[in-house]
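Residues per chain, in single letters:
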Amino acid sequence: MGKPQSVLLITVDCLRADHVGFPGYGRPTTPFLNSIAQQAYVFRSAIAAGTPTYYSFPAIHASRYPTALGRDIIGIAPEEPTLATALQGAGYTTGAFLAANPYLSPHFGYAQGFQTFQDFLNPADGKTARPESRQAPGRVSSLRRFVEQSSQQTRLTSAAYGELHFWYCQWHNARETRTMDQLRCYPAADVIVDEATAWLRALPEEPFFLWLHLMDPHHPYYPPEAALAATGAGEISAPRARFLNSMWNRDVGPARVRRYLREVLSLYDASIYWVDQQISRLVHSLQELQRWDETLMLVTADHGEQFLEHGARYHSPMGLPEQLIHVPLLLRSPEFLTSKVLDGPFSLIDLAPTILESVGVETPRNFRGHSCWKQVKAGNLPDEPVITECVEACNNPFRREERMRSRLIAARDRSYKLVVNFREQKDYFYDLSNDPEESAPLRPEVLSSERARLLHAVRSHLQQIKTNDESDTRLRACLREFQQLDSAGLSSSVASTAS
Ligand SMILES: [Zn+2]
């Protein structure tokens with residue numbers, strides 16, 4: 001190998017594989033990435049090792065399953081080796097620009113190994129998330145609270161109040177004049193790319209590791225109007241988008257929101273298009289700076305998103321369906337400008353070691369995943385089961401009681417998938433080749449040897465987690481929690497370590 005390669009890792013929140021062009025989506029969401037795919041490796045079965053964000057990124061950065069240090073530990077442990085620390089140790093200049101995801105902060109250890117770390121979570125920088133304005137309580141809201149409390153006496157009056165209040169809010173919102181840009185809750189991809197480009201321009205000659213995390217396809221969905229037009233969605237005004245997001249977020253059954261699905265998907269797809277176009281801008285900047293020919297680029301996602309499949313919206317960790325765990329993955333190596341499609345399953349737990357081998361940097365010993373670089377170059381990934389794990393219905397990991405719920409584990413190979421629900425003490429087995437929608441699990445007696453193979457993979461996974469000696473790493477993570485939260489946190493964490 002000649003000059004050391006730089007590494008550009010782009011992760012896109014909530015980007016499901018089947019809405020991306022290069023694996024085969026019909027709508028023009030990713031024209032630029034499609035062109036890159038002509039000289040890159042395309043992974044058709046890339047699977048997140050956990051979902052959502054806080055269960056996916058420990059695998060992406062530290063090549064560790066999310067609950068391997070205990071269900072109560074979220075994020076990267078202090079001093080835990082990561083892709084960034086390995087590359088920094090090898091002389092890379094490292095930088096991260098993340099679009100205000102609260103779970104990807106120094107608090108959760110993600111700044112480790114990055115000389116520049118900009119998470120846009122500080123309101124003082126003026127580019128952070130823009131929470132919707134809140135009115136100070138006045139006479140009208142006091143009256144509203146009184147009516148709301150009075151309506152709680154029966155289910156019927158409570159439902160009637162909820163309906164009336166929702167539509168009153170929509171009538172009120174329709175009069176506002178904010179644009180899509182003003183309504184958006186996270187910095188858009190163009191803001192992140194601008195900052196990253198400025199960082200690239202000031203770089204020394206050394207190889208760099210740049211990580212971007214883009215939030216455009218994360219709800220609420222407010223794509224720029226230009227992106228809507230380019231994806232053929234037609235016009236959706238900002239007030240209409242606000243109405244659609246409010247409706248989509250209502251705590252009502254799927255039948256009540258299904259009629260808005262087409263428009264909501266248009267907003268989601270246009271958000272993906274905007275990401276694609278900003279990646280294109282970034283690559284043009286790298287070309288201009290004469291760094292593109294030395295850059296290994298990867299584009300993937302932490303997890304997907306549901307649009308009423310199985311009745312669900314967004315990405316709550318429930319059931320581990322394909323819409324949540326199947327992510328796009330594109331790897332463009334400057335050494336192998338070839339178009340290759342890899343069909344075998346690939347877990348994102350293997351991503352960091354694969355990247356490190358491809359650029360010739362030693363892999364940290366604690367990494368659980370293995371490099372697949374040789375198999376990737378050969379264009380042939382083995383059909384070995386890959387594992388995804390999470391804690392069921394943990395939607396707010398800041399709440400300790402949610403983190404301690406039961407585990408969900410999925411094992412998936414090219415054709416089959418087994419989901420083990422530890423709360424229900426049940427497993428669900430799917431034939432993905434004949435039932436890609438996972439509409440009906442197979443009966444236990446059907447395909448029993450395939451089911452046994454995946455059950456064995458789940459069992460090996462659990463045994464591996466149990467036998468790994470990570471007590472020191474775990475204690476460091478517990479201590480961080482204690483320092484950041486309260487003394488009660490430490491006593492309970494140490495107690496569970498000892499048990
Ligand atoms: Zn996420």
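For the structure itself, consult the block above.
No experiment lies behind these values; they were computed from the predicted model shown.

Conventions we followed
Residues numbered from 1 in each chain as written. Predicted model: local features only at pLDDT ≥ 70, side-chain atom pairs only at ≥ 80, totals over all residues. Heavy atoms only, no water. Helix = DSSP H or I, 4+ residues; strand = E, 2+ residues; numbered from the N terminus. Expected span 1.5 Å × (residues − 1). Buried < 20%, exposed > 50% of the residue type's maximum accessible area, 1.4 Å probe, protein only. Donors = N, O, S within 2.8 Å, 3.2 Å for Na, K, Ca; no water. Phe/Tyr/Trp six-rings, centres within 6.5 Å; stacked < 30°, edge-to-face > 60°. Pairing = 2+ DSSP bridges. Axes fitted to C-alpha atoms, helices over the stretch in contact; angles between N-to-C directions. Contact = heavy atoms within 4.5 Å.

1. Some words on helix 11 (residues 261-288)
Here is step 1: Relative to the 40 Å expected for 28 residues at 1.5 Å per residue, helix 11 spans 41 Å between its end C-alpha atoms, a close match to the ideal helical length.
Here is step 2: With 22 of 28 residues buried, helix 11 is to be regarded as a mostly interior element.
Here is step 3: Of the residues trailing helix 11, Gln290 is marked for its positive phi of about 60°.

2. Remarks on the coordination of the zinc ion
Here is step 1: Taken together, Asp13 (OD), Asp13 (OD), Thr53 (OG1), Asp302 (OD) and His303 (NE2) make up the full set of protein donors to the zinc ion, lying 2.0 to 2.7 Å away.
Here is step 2: Along the chain, the residues that donate to the zinc ion are spaced as D-x39-T-x248-D-H. Remark: Thr53 occurs in helix 2 (residues 53-62) and Asp13 occurs in the loop between strand 1 (6-12) and helix 1 (31-37); sequence separation between them is 40 residues.
Here is step 3: Looking at Thr53, the relative accessible area reads 4%, which means it is buried.

3. What to know about unusual backbone geometry
Here is step 1: Residue Pro52 is reached from Thr51 by a cis peptide bond, and omega for that bond is 0°.
Here is step 2: Summarising the element assignment, Pro52 is placed in the loop between strand 2 (41-47) and helix 2.
Here is step 3: Going from His219 to Pro220, the amide bond is cis rather than trans, its omega being -5°.
Here is step 4: Mapped onto the fold, Pro220 is located in the loop between strand 5 (208-214) and helix 8 (225-230).
Here is step 5: The backbone of Cys14 shows a phi angle near 65°, a positive value even though the residue is not glycine.
Here is step 6: You can see Cys14 is positioned in the loop between strand 1 and helix 1.

4. Describing the packing of aromatic side chains
Here is step 1: Per the counting criterion, the structure on display carries 22 aromatic pairs.
Here is step 2: A centroid spacing of 6.2 Å and a plane angle of 80° characterise the contact between Tyr41 and Trp373, whose relative ring orientation is edge-to-face. Taken together, the positions of Tyr41 in strand 2 and Trp373 in helix 14 (residues 373-378) put the pair 332 residues apart, joining distant regions of the chain.
Here is step 3: For Tyr41, a relative accessible area of 1% corresponds to the buried category.
Here is step 4: Where Tyr416 meets Phe429, the ring centres are 5.7 Å apart and the plane angle is 20°; that geometry is what we call stacked.

5. Examining the sheet that holds strand 15 (residues 426-431)
Strands belonging to one sheet form pairs held by backbone hydrogen bonds; the direction of such a pair is parallel or antiparallel.
Here is step 1: On the basis of which strands lie adjacent, the open sheet formed by four strands has the order 12-13-14-15 and antiparallel pairing. Where the open sheet ends on each side, the last strands, each with one partner, are strand 12 (386-391) and strand 15. Each strand of the sheet is rotated relative to its neighbour by a mean of 15°, with strand direction disregarded.
Here is step 2: The strands touched by helix 16 (residues 448-467) within the sheet are strand 12, strand 13 (407-412), strand 14 (416-421) and strand 15, with strand 13 carrying the most contacts at an inclination of about 130°.

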